[in-house]
Amino acid sequence: MTNHPPAEQAQTAAAPRRVRVHHLREAKSAGRQLTMLTAYDGPTARIFDAAGVDMLLVGDSIGDNMLGHATTIPVTVDELVVATRSVARATSRAMVVADLPFGSYEASPAQAHATAVRMLKEAGAHAVKFEGGRRVAPQVELLTGAGIPVVGHLGFTPQSENMLGGKRIQGRGHDAAERLKEDALALQDAGAVAIVLEMIPAPVAAAITEILSVPTIGIGAGPQCDGQVLVWTDMAGMGDWSPRFSRRFGEVGKALHDAAASFVSEVQSGAFPTAEHSYDS
């Protein structure tokens, strides 16, 4: 047994507890809402971690929110490894979940395993997420059997946008709702630790949440899910537009604009830098 000095013991005791897989189930059992935000870099992740966000999703949404792509499809594994590594290094409490991008898991369970191993070994993720229901259950089963936690993703799945006919609500109508329920149960049976439900009718999401023992994380799926996730740039007001299911909890975009405009003005006027920002010889 290692003896720690009193100061080190106090520091260890004060350190925040990392959110783990069993905490997700405990939250569902206790009726405590889970929180998830996307994050793509260290400084943002550090802020969200300190704010108490339970899970940080390094999503392939980096493509259309940070990298200038029109969709998530062009995002590569290498790009997500770098982003995930940055987020993981900056956090001490949040569970870091890394997306597996389009083309990196669909072909076979072995392909999914190889990609997921990179996300854990090279990037430091604690779990991975990928889209699909029964068709990817073999991938989920192999990964979870190998000790890699998997978060599922049902409803509107952005990587399948071309097949779905665009950004359309999924699960409307009895048959479609039943297929979503069957997919959710298949993911749970395969070992998924949580399931994101995106852009599906609130009553359908509520029914899926009721039949699952693992938590559901909603985005455009109503208030009855076990938690909520938003893309952070939508949440913080970084753009001129936000989807209907989102909410602007701040105006970070305006604050950045105002700060940059002040910088430009003061540099051009000679007000910055002053002697207090300079070094003596």
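The preceding data block contains the structure.
Given the structure is predicted, the values throughout are model-derived calculations rather than measurements. In this convention, every chain numbers its residues from 1, walking through the sequence in written order. Per-residue local features of the predicted model are confined to residues with pLDDT of at least 70, and side-chain atom pairs are confined, for both listing and counting, to 80 or more; whole-chain, interface and lining totals are unaffected and use all residues. Each side-chain value is derived from all of the structure's non-hydrogen atoms; neither hydrogens nor water enter the calculation.

A. The pairing of strand β7 (residues 216-219), seen in detail. Type-normalised accessible area, obtained with a 1.4 Å probe on protein chains alone, sets the label of each residue: buried when under 20%, exposed when over 50%, and partly exposed for intermediate values. Helix numbering and strand numbering both begin at the N terminus, where a helix is a DSSP run of H or I of at least 4 residues and a strand a DSSP run of E of at least 2. Because side chains alternate across β7, one face comprises the buried residues T216 and G218, and the other comprises I217 and I219, equally buried. Judged from the four bridges that link them, strand β6 (residues 194-198) and β7 form a sheet pairing that is parallel. Each residue of the ladder has a partner; that of I195, found in β7, is T216. For the segment spanning β6, helix α10 (residues 202-211) and β7, crossover handedness is right-handed. Whether two strands pair comes down to DSSP finding at least two bridges between them. Of the strand pairs in this sheet, β7 and strand β8 (residues 227-230) are connected by two bridges, and their pairing is parallel. Residue pairing for β8: I217 is matched across the bridge by G227. For the handedness criterion, the strands are oriented away from the viewer, and a crossover whose path from the first strand over the helix to the second runs clockwise is classed as right-handed.

B. Summary view of a nonpolar patch on the surface. For patch building, the residue pool is restricted to those with more than 30% relative accessible area and no salt bridge; the joining distance is 9 Å between like charges and 5 Å between nonpolar side chains (Val, Leu, Ile, Met, Phe, Trp, Tyr). For accessible areas, the Shrake-Rupley method is used with a probe of radius 1.4 Å. Any residue's cover is judged against the shown protein chains and nothing else. Between Lys or Arg on one side and Asp or Glu on the other, a salt bridge is scored when a side-chain nitrogen of the former is within 4 Å of a carboxyl oxygen of the latter. A cluster of nonpolar side chains, F263, V264, V267 and F272, forms an exposed patch at the surface whose accessible area comes to about 340 Å². Mapped onto the fold, F272 is located in the segment after α12 (252-269).

C. Focus on the layout of surface pockets. In this structure, the largest pocket encloses a volume near 980 Å³. Forming the boundary of the largest pocket are 46 residues, of which E198, M199, I219, P243 and F245 lie nearest the centre. Contributing elements (two or more residues each) for the lining of the largest pocket: β1 (34-38), α4 (62-65), β6, β8 and α11 (232-235). Classifying every residue of the lining of the largest pocket gives 21 nonpolar, 13 polar and twelve charged. Of the grid points, spaced at 1 Å and generated over the protein atoms alone, those admitting a 1.4 Å probe that cannot get out make up cavities, while open sets with protein on both sides within 12 Å along at least five of seven lines make up pockets; any residue with an atom within 4 Å of a point is treated as lining. Grid points are joined across faces, edges and corners, and a volume is the space filled by probe spheres set on the points. Considering only enclosed or pocket space, the second largest pocket measures out at about 270 Å³ in volume. Contributing to the lining of the second largest pocket are 16 residues, with G133, L154, G155, T157 and D183 lying nearest its centre. Of all the elements in the fold, those that place two or more residues in the lining of the second largest pocket are β5 (150-155) and α9 (174-190). It is α9 that contributes the most residues to the lining of the second largest pocket, four residues altogether. Residue polarity follows a fixed list, in which Ala, Val, Leu, Ile, Met, Phe, Trp, Tyr, Cys and Pro are nonpolar, Asp, Glu, Lys and Arg are charged, and the others, Gly among them, are polar. Residues that form the lining of the second largest pocket fall into these classes: four nonpolar, eight polar and four charged.

As far as function goes, none of this settles anything; it's purely spatial.
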